[in-house]
Amino acid sequence: MLLPLLMGLLVACRSGVGAYEDGGGDADADSDVDSDTDSDSDSDSDSDSDTDSDSDTDSDSDTDSDSDTDSDSDSDADWGPELTLHADGYATMGNWNGYLEPVADDLGTDISDTSFADESGFPLCITGTVTDSYSGYGMIRFNLNQAEGSDTSAEPASIEGTGVRIQTDNNRTTPLKLYLIGVDGTRWCMVILANQTDVSFFWSEFNTECNNPSAGDYYDGSDVVALGLAAYGVPEAEIAYDFCLEGMTLTDDEEPVDTEDTDPVGNLPYTLCNKSQVKNVLREDIAYMVLNNVWHTSATNDTQCIDGLGVAFEVTKQNGYSGDYAPISYPCVLYGKKSSGQYSANSELPKQVSALGNVTTHWSHNAGGPSGTYNASYDVWFNTSASIPSNPPNGAYLMLWYHTQGSIQPAGSNAGNANIGGRNWTVWRYGTGATGKPYIAYVSQGTVTSLTVDLKDFIDDAVGKGVIQSGWYLSAVQAGFEIWSGGVGLETTDFYVTDL
């Protein structure tokens with residue numbers, strides 16, 4: 001098992017759901033959409049989630065588009081006082097008190113309201129368009145120490161409790177950020193993915209670079225003046241937003257052991273249990289990102305946990321079942337830039353397909369041993385331009401399936417066989433990948449548990465089949481397990497991408 005191995009060493013995405021659970025036959029289904037959340041280096045930068053949407057209803061990882069409310073919060077949490085709205089937009093939550101107000105940046109972002117004075121209760125909603133800048137935002141701000149009255153201002157306040165639970169509406173299509181705003185304007189943040197409607201965070205998790213914590217500073221416990229729930233901007237395009245605050249509660253849960261200050265890149269063991277939690281790690285000085293990546297609407301924050309050291313990780317808890325043809329999760333390792341919220345810091349991607357030399361990658365794992373319904377698969381993403389999308393890449397989506405367990409199959413339909421890299425593969429295509437774009441999957445004819453391949457061979461084959469265009473850009477490479485049920489004990493023991 002990985003965990004004893006790790007302890008011995010030290011003393012120790014969502015995927016493109018390019019798959020669905022098959023009841024038999026060659027049903028033609030659109031591929032799914034991967035939703036990730038990538039990592040932006042700007043303090044106000046964001047993390048976008050991507051969504052892999054399977055033919056019959058696939059909504060991805062990091063972004064779930066299902067209409068059902070997704071509860072991410074821990075039912076066993078020790079909750080404190082709730083946010084209560086009073087007259088004229090004035091609110092209280094424990095010892096915090098102040099006005100709730102809609103605010104936007106001065107860079108061009110528009111916002112639908114200027115005051116909540118006429119609102120008598122939740123939800124509080126704002127709409128608008130965020131300007132194309134990391135500094136852009138449309139925000140619902142809660143001033144934490146402000147007296148009632150038209151001429152009062154927000155004053156410093158000490159932190160309350162150990163964290164916060166935030167509840168938002170389930171009709172959002174964009175991720176949000178929750179900000180702690182310091183006296184000097186410093187912002188520490190956490191990302192709330194588009195599928196997350198009820199999620200909790202510890203204050204110690206907030207970071208000035210919430211999409212890439214190793215590049216930022218964690219909240220230091222200093223006085224703050226406000227909490228802000230915001231749609232945020234990215235340089236690539238203006239983003240329309242429409243979201244509601246439906247509730248907020250302080251928590252007094254015991255804080256986790258904080259290893260981040262001494263271990264910014266995963267050189268010590270780590271545990272990821274939050275649905276969208278990620279860890280920035282290094283392998284031979286190359287940055288990767290490990291994602292817990294639980295995205296199905298039936299999942300909660302305690303559905304799955306992974307323990308890891310560097311790029312190696314083990315699924316130590318998995319008590320969910322998707323209940324349909326879409327996976328519940330895709331715990332994985334990422335190299336490249338899948339979106340503005342999910343990326344590895346020093347990768348050589350994106351890179352134009354026509355300029356690619358070798359794309360050597362190695363992955364070793366133990367799929368086939370643990371019980372459950374799952375696959376072991378690569379997600380390889382292509383974007384139509386060199387810019388990093390705020391959502392999943394918009395070109396095409398390629399998968400390699402190394403192992404299949406249970407009655408599952410890729411989206412699309414069987415399109416024959418191919419011999420690539422000295423192995424025989426069954427090709428699946430004609431489905432659609434992330435954002436409804438082209439999709440192709442290569443399924444190994446026999447389980448592969450450790451293999452070094454040149455992805456360029458598969459990319460060239462997909463170009464020849466008209467799925468990928470040579471003018472597009474290879475954006476990101478992921479390897480992990482699409483899990484429908486079970487999967488405890490699944491391990492990735494090594495992963496790397498090189499020779500770009």
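Cut-offs and rules
Residues numbered from 1 in each chain as written. Predicted model: local features only at pLDDT ≥ 70, side-chain atom pairs only at ≥ 80, totals over all residues. Heavy atoms only, no water. Disulfide = S-S within 2.5 Å. Helix = DSSP H or I, 4+ residues; strand = E, 2+ residues; numbered from the N terminus. pLDDT = per-residue confidence, 0-100. Contact = heavy atoms within 4.5 Å. Patch = residues over 30% accessible without salt bridge, like charges linked within 9 Å, V, L, I, M, F, W, Y side chains within 5 Å. Areas by Shrake-Rupley, 256 points an atom, 1.4 Å probe, with all protein chains shown as cover. Salt bridge = Lys/Arg side-chain N within 4 Å of Asp/Glu carboxyl O. Lys, Arg positive; Asp, Glu negative; His and termini not counted. Charge placed at Lys NZ, Arg CZ, Asp CG, Glu CD. Pairing = 2+ DSSP bridges.

*Asks:* It is not clear to me how the state of the cysteines should be interpreted in this structure. Could you clarify?
*Replies:* A covalent bond between the sulfur atoms of two cysteines is referred to as a disulfide. The final tally for this structure, using the stated rule, is 3 disulfides. Disulfide pairing is shown between C189 and C210; the S-S distance is 2.2 Å. Handedness here is read from the sign of the S-S torsion; for C189 and C210, about -95 degrees, the answer is left-handed. Taken together, the positions of C189 in strand β11 (residues 187-192) and C210 in the loop between β12 (198-202) and β13 (224-232) put the pair 21 residues apart, joining distant regions of the chain. Note that C273 is cross-linked by a disulfide to C305, the S-S spacing being 1.9 Å. Here the S-S torsion is close to 120 degrees, and the disulfide linking C273 with C305 is therefore right-handed.

*Asks:* Can you help me understand the confidence of the model for the chain in this one?
*Replies:* In low-pLDDT segments, the atomic positions of the prediction should not be examined closely. When the pLDDT values of the chain are averaged, the result is 81; 79% of them are 70 or greater. Averaged pLDDT values for the elements of the chain fall to 34 in helix α1 (residues 2-10) and rise to 97 in helix α2 (residues 455-464). Low pLDDT, under 50, characterises residues 21-77; the stretch is placed with 311 contacts to residues that sit more than four places away or in other chains.

*Asks:* Before we go on, may I ask you to explain the side chain of T360 in this structure?
*Replies:* Relative to the elements of secondary structure, T360 occurs in strand β23 (residues 360-365). Sequence-distant contacts of T360, defined by excluding residues within four places in its chain, comprise T452, V453, D454, Y496, V497, T498 and D499.

*Asks:* Got a minute to help me understand a negative patch on the surface in this structure?
*Replies:* Taken together, the side chains of D88, D118, E119 and E148 make up a negatively charged region of the molecular surface. Within the secondary structure, E119 sits in the loop between β6 (110-111) and β7 (124-130).

*Asks:* Explanation requested: the sheet that holds strand β3 (residues 84-85) in the structure shown.
*Replies:* In sheet architecture, strand pairing relies on hydrogen bonds along the backbone and comes in two forms, parallel and antiparallel. On the basis of which strands lie adjacent, the open sheet formed by 7 strands has the order β3-β4-β5-β8-β13-β10-β11 and antiparallel pairing. What marks the edges here is a single partner per strand, and that holds for β3 and β11.

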